[in-house]
Amino acid sequence: MTTTHPDDRDPATPTPLEERLAHLIRTNGPITVADFMEDALFNPQDGYYTSGPGARASMNAQAGPIGAAGDFTTAPEISQVFGELIGLWLVQAWVDLGAPTPFNLIELGPGRGALMADALRAAKVRPAFIDAARVRLVEVSGRLRYEQQKRLADCAADIDWLDDFSRAPDGPTLVVANEFFDCLPVRQFVRTETSWRERMVALGPGEDAFAFSLAPAPPPPMTSLPDAAAPGDIYELCEPGEALAEAIGARLATEGGRALVIDYGHTRDGVGETLQAVRAHRFAPVLAAPGLSDLSAHVNFDRLIRAAFDAGAACHGPVAQGVFLDRLGLAARVERLTAGKSHDVAEAVRAGAFRIAASSQMGEIFKAICISAPGLSTPAGF
Ligand code: SAH
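Presented here is an overview of the structure given in this document. Small disclaimer: the values here were computed from a predicted structure and weren't measured.

## Quick notes on the site of the ligand
Argument step 1. Lining the immediate surroundings of the ligand are 19 residues, of which Thr74, Gly109, Gly111, Glu139 and Asn178 lie closest.
Argument step 2. At 2.7 Å from a nitrogen atom of the ligand is found a main-chain nitrogen or oxygen belonging to Gly109.
Argument step 3. Residue Glu139 places a side-chain N or O atom 2.5 Å away from an oxygen atom belonging to the ligand.
Argument step 4. Coverage of the ligand by the protein amounts to 93% of the 570 Å² it exposes when considered alone.
Argument step 5. Its residues assigned to classes, the shell around the ligand comprises 12 nonpolar, five polar and two charged.

The structure is reproduced here in structure tokens:
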């Protein structure tokens, strides 16, 4: 685990993004939490995911945000078994669709490309799958696109990049998204004695740091907020995530296909604050140093499923990640990978599998859902 960060920046010196956001707030008033998150993560010059190594001194120039040397690590970075089992899941989903040729294989937010590299390697058991796949990677970060290109350079499949899911070619489609929906911006609402109020980001006293404030008036009635809440409760609403789930559901319902979404989150809609900042594998204050730490919020699977369902799709899950991987054959895969290997190699494989699947680790908090064209069989693992 990384305990020190390559950036030894004086925390009192504002970053360019902090200066711009402070100027914006001074001029126009407080901004929503979603607007803050959007700029902190995706600002073209200084966003956490979007800025290049030259533009951002804080990020480990070699490692980028993801992986052991970066700020946070993900299941496909921890164990190759994760991507391999998903590769086999994708082959099965393709068979469930009647093995269409060609078909779109879309990954949302592929990070460093580990999941897709492992999945395509495992999917070689069905060469026709690789031949039929138009692999399309939806990635906002130029720097991560470059990493993905390097990682997938040896793959025989037809691979290209898209700015947006809506740009995917027509036709049957399989989608995979791991730890993608959690970085889509959330709005936050605070329950007061009398009504909901949107939580805003303002400048604190002295104007040298950001601070939360409340919008002066309640949100418009069409904002979808729960009735059951007590004063002080916080509710998070991820509008881009719900819009995307709806778009995926609508496309799969008309063109055919399945989507596998894995993320950390809750299965029931309800109040609770989950927005968090992570830097160098540690939690950091949410409003400090925008652009230099990863911001994410728990995924509200209940609302994603509802959005996809309303668009005409069938939905399965959520299933805990550990259960899902177990049903896909985690134990057998680990046994194959460890057979005849040295003690150290076998231990490393087992430790990785334990981390992604044990309920004390990532196996319970991370969950999988599947959005499907209606009328298909139950997907593997659900
Ligand atoms: N799936 C990877 C990486 C997760 S990090 C893994 O499991 O390791 C989130 C990824 O989504 C990054 O690649 C980030 O650049 C990308 N991303 C975030 N928001 C995006 C958006 N709106 N459009 C496209 N890519 C996005």
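## Remarks on the sheet that holds strand β11 (residues 276-279)
Pairing between the strands of a sheet is mediated by backbone hydrogen bonds and can be parallel or antiparallel.
Argument step 1. One open sheet holds the three strands; their spatial order is β12-β11-β13, and the pairing between them is antiparallel. Of all strands in the sheet, those bounded by a partner on one side alone are β12 (282-284) and β13 (294-296). For this sheet, the mean angle separating the axes of adjacent strands, direction not counted, is 40°.
Argument step 2. Here β11 runs beside β12; their pairing, made up of three bridges, is antiparallel. Looking at the pairing, Arg279 lines up with Arg282 of β12.

## Quick notes on the packing of aromatic side chains
Argument step 1. Scanning all chains against the criterion turns up 10 aromatic pairs.
Argument step 2. Pairing Trp196 with Tyr235 gives two aromatic rings, centres 6.3 Å apart and planes at 55°, and the pair type is tilted. A residue pair is termed long-range when its members are at least 10 positions apart, and Trp196 in strand β7 (residues 196-203) and Tyr235 in strand β9 (residues 234-237) qualify at 39 residues. The same class applies to Trp196 and to Tyr235, which are both buried.
Argument step 3. Through pairs of rings, three or more aromatic residues link up here, namely Phe42, Tyr48 and Tyr49.
Argument step 4. The ring of Phe212 has Arg199 lying over it, and the distance from NZ or CZ to the ring centre is 3.6 Å.
Argument step 5. The residue whose ring lies beneath Arg251 is Phe165, and the NZ or CZ to ring-centre distance is 5.7 Å.

## Focus on the packing of helix α8 (residues 239-255) against helix α9 (residues 301-310)
Argument step 1. Their axes nearest at 7 Å, the elements α8 and α9 cross at an angle of 40°. Considered as vectors, α8 and α9 are oriented oblique to each other. The element α8 and its partner α9 pack so that their crossing is right-handed. Here Gly241, Glu242, Ala245, Glu246 and Gly249 of α8 come into contact with α9, specifically with Arg303, Leu304, Ala307 and Ala308.

Conventions adopted
- Residues numbered from 1 in each chain as written.
- Predicted model: local features only at pLDDT ≥ 70, side-chain atom pairs only at ≥ 80, totals over all residues.
- Heavy atoms only, no water.
- Near = heavy atom within 4 Å.
- Polar contact = N/O pair within 3.5 Å; in protein donor to acceptor, adjacent residues only side chain to side chain.
- Areas by Shrake-Rupley, 256 points an atom, 1.4 Å probe, with all protein chains shown as cover.
- Nonpolar A, V, L, I, M, F, W, Y, C, P; charged D, E, K, R; others polar.
- Pairing = 2+ DSSP bridges.
- Helix = DSSP H or I, 4+ residues; strand = E, 2+ residues; numbered from the N terminus.
- Axes fitted to C-alpha atoms, helices over the stretch in contact; angles between N-to-C directions.
- Phe/Tyr/Trp six-rings, centres within 6.5 Å; stacked < 30°, edge-to-face > 60°.
- Buried < 20%, exposed > 50% of the residue type's maximum accessible area, 1.4 Å probe, protein only.
- Lys NZ or Arg CZ within 6 Å of the ring centre and 35° of its normal.
- Parallel < 35°, antiparallel > 145°, perpendicular 65-115°, else oblique.
- Left-handed = near helix turned anticlockwise from the far one by under 90°.
- Contact = heavy atoms within 4.5 Å.

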